[in-house]
Amino acid sequence: MGCDRNCGLIAGAVIGAVLAVFGGILMPVGDMLIEKKIKKETVLEEGTLAFKNWVKTGTEVYRQFWIFDVQNPEDVAVNSSKIKVKQRGPYTYRVRYLAKENITHDSKTHTVSFLQPNGAIFEPSLSVGPENDTFTVLNLAVAAAPHLYPNVFIQGVLNSLIKKSKSSMFQKRTLKELLWGYKDPFLSLVPYPITTTVGVFYPYNNTADGVYKVFSGKDDISKVAIIDTYKGKKNLSYWPSYCDMINGTDAASFPPFIEKTQVLQFFSSDICRSIYAVFGAEINLKGIPVYRFILPSLAFASPLRNPDNHCFCTEKIISKNCTSYGVLDIGKCKDGKPVYISLPHFLYASPEISQPIEGLSPNEEEHSTYLDVEPITGFTLRFAKRLQINILVKPARKIEALKGLKQNYFVPILWLNETGTIGDEKAEMFRSQVTGKINLLGLVEITLLSVGVVMFIVFMISYCARRSKRVN
């Protein structure tokens, strides 16, 4: 009888040890199974979860605009006063709702090429007013004229056309005109063939961005979705070859198994360059653990602090010998127009950049850019891309509309927030197909290991106690 009890205790301890060992073995095996499944589903090829969501995003993406309405246009033009602005918005459009086109797989190079069609649908219910709301904004054509034509004789000719068209430094335009284009009266008088339609995003609707070529990840999952080449209407060949403007993905996804220490690089054709984000915090998004990566202030720093920005310092006077920060000159890929990008309200910019502007209130919560990335798959489940479009305006003594200026201005035109969040239905599917299975496997591993250890300890204690009684 004593042997039976001792044998039972020993058997229980053995079973516990086996369970603990099995749980310990299951952990790396389970991790290998998860890794294999994730690698399979994140490859950009027909039939994978990644490919389905890559061709056409299941997330509704919106682009919100806030327009800087100038309150004192005459005072600025005549007396070179501070520009008083009042932001108005948001005006919201749905974007990125069209599926990728001309998708072509290359099995030899393991790449996929495609075009990304552009389209914008106005959303009145998400906007403060209609598309025909009117604003006082900078005259884009007049402001760009002295930059595009520095010759004083040509400026004199252009000045006569500006006066004849009754154009001035500022103008009144509707939201629709400012964003998507209007026929400019000054440019319409130019006696040789030029584009007479002007708009911050003209042309946009019924156009396409690309051709992009990205790696499929079939041969190397660490390269999935990373851009190999880009050939778009925004010609990046203007930049010196050493600038290396294209790095990373398009930010919709990244290679799987993201670490907090990583720097995520992504390319945006809107700003004609790649930029990067660093880890900021762990976030729970609709029951899905994600890593929030944020665009750091260093991304817009001067070349002295961030050598990556040396290509965006194109002159020495405005930039104060490349020491000013917070704005990047992207004119070289905007046909020479004096276009500068910044974060909204000149967040992180040099004080002298915003000094001539009244009505700005920069703050990180509203004006910073971030990506919420699910770290196992590398999928971006929520994002907010925030940028401001500015035009550099300088005095031009041969152009009467600008000769009253006594200083340079970075005039803010608008800022935008392009944002998207995984929908409830998609989040539920993601939880069931990805995080749920991973959590279940992890729970089984921990349970087996824990139960095994507890059983082993309990039975061994009981066995030792029984042995002790027998000795006594």
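Refer to the structure presented above.
Criteria and thresholds
- Residues numbered from 1 in each chain as written.
- Predicted model: local features only at pLDDT ≥ 70, side-chain atom pairs only at ≥ 80, totals over all residues.
- Heavy atoms only, no water.
- Pairing = 2+ DSSP bridges.
- Helix = DSSP H or I, 4+ residues; strand = E, 2+ residues; numbered from the N terminus.
- Axes fitted to C-alpha atoms, helices over the stretch in contact; angles between N-to-C directions.
- Expected span 1.5 Å × (residues − 1).
- Buried < 20%, exposed > 50% of the residue type's maximum accessible area, 1.4 Å probe, protein only.
- Arc of directions from axis to C-beta.
- Contact = heavy atoms within 4.5 Å.
- Polar contact = N/O pair within 3.5 Å; in protein donor to acceptor, adjacent residues only side chain to side chain.
- Salt bridge = Lys/Arg side-chain N within 4 Å of Asp/Glu carboxyl O.
- Core = buried A, V, L, I, M, F, W, Y, C linked by side-chain atoms within 4.5 Å.
- Patch = residues over 30% accessible without salt bridge, like charges linked within 9 Å, V, L, I, M, F, W, Y side chains within 5 Å.
- Areas by Shrake-Rupley, 256 points an atom, 1.4 Å probe, with all protein chains shown as cover.

Enquirer: Requested: an account of the sheet that holds strand 4 (residues 111-117), with residues and values cited.
Expert: Across the sheet, which stays open at both edges, the four strands sit in the order 3-4-10-11 with antiparallel pairing between neighbours. Looking at strand neighbours, the two that pair on one side only are strand 3 (101-106) and strand 11 (227-230), the edges of this open sheet. Adjacent strand axes in the sheet meet at a mean angle of 20° when their direction is disregarded. Across three bridges, strand 10 (residues 208-215) lies against strand 11 in antiparallel orientation. By the bridge assignment, Val214 is partnered in strand 11 with Ile227.

Enquirer: Pulling in residues and values, what's your account of helix 5 (residues 152-164)?
Expert: Given 3.6 residues per helical turn, the α-helix brings residues three or four places apart onto the same face. Along its 13 residues, helix 5 runs 18 Å from first to last C-alpha, staying within 8% of the 18 Å computed at 1.5 Å per residue. Considered for burial, the residues of helix 5 that qualify are Gln155, Leu158, Asn159, Leu161 and Ile162. Buried positions in helix 5, seen along its axis, are confined to an arc of 165° and lie on one side of it. Along helix 5, the residues that are exposed and aim more than 90 degrees away from the buried face are Phe153 and Lys164. Against the buried residues of helix 5 lie helix 4 (140-148). Its side-chain oxygen placed 2.9 Å from the backbone nitrogen of Phe153, Asn151 serves as the N-cap of helix 5.

Enquirer: Got a sec to walk through the pattern of salt bridges? Specific residues and values, please.
Expert: What the rule picks out here adds up to 14 salt bridges. The residue Arg382 makes a salt bridge to Asp372 at a minimum N-O spacing of 2.7 Å. Taken together, the residues Arg382 in strand 19 (residues 380-393) and Asp372 in strand 18 (residues 370-373) connect sequence positions ten residues apart. The exposure class of Arg382 is buried, given its relative accessible area of 18%. The class for Asp372 is buried, based on a relative accessible area of 0%. With a shortest N-O distance of 2.5 Å, Glu428 and Arg431 are connected by a salt bridge.

Enquirer: So what's going on with the pairing of strand 3? Which residues, and what values?
Expert: Pairing analysis gives four bridges linking strand 3 to strand 4, with the strands arranged antiparallel. Of the residues in strand 4, the one forming a bridge with Glu101 is Leu115. Linking strand 3 back to strand 4 in an antiparallel pair, the connection comprises four residues, with His110 at a positive phi of about 55°.

Enquirer: Let's hear about the nonpolar core: which residues, and what values?
Expert: Formed by 90 residues in total, the largest nonpolar core has its most connected members in Phe65, Ile83, Tyr93, Leu138, Phe186, Phe300 and Val393. The element that contributes the greatest number of residues to this core is strand 20 (residues 409-421), accounting for seven residues. The contacts of Val393, once residues within four sequence positions are left out, are Leu138, Ala143, His147, Met169, Leu402, Leu405, Gln407, Asn408, Tyr409 and Val411. One finds Val224, Ala225, Leu285 and Phe379 within the second-largest nonpolar core, a separate group that totals 27 residues.

Enquirer: Could you give me a rundown of a nonpolar patch on the surface, with the residues and numbers involved?
Expert: On the surface, Phe153, Ile154 and Val157 cluster together into a nonpolar patch covering about 290 Å² of accessible area. Here Phe153 shows up in helix 5. What makes Phe153 exposed here is its relative accessible area of 64%.

Enquirer: Go over unusual backbone geometry, please, and point to the residues and values.
Expert: Backbone torsion omega between Gly89 and Pro90 reads 5°, so that peptide bond is classified as cis. Tyr202 connects to Pro203 through a cis peptide bond whose omega is -10°. With respect to the element layout, Pro203 can be found in the loop between strand 9 (197-198) and strand 10. Although it is not a glycine, Phe346 adopts a positive phi angle of roughly 55°. Structurally, Phe346 is set in the loop between strand 16 (339-342) and helix 7 (351-354).

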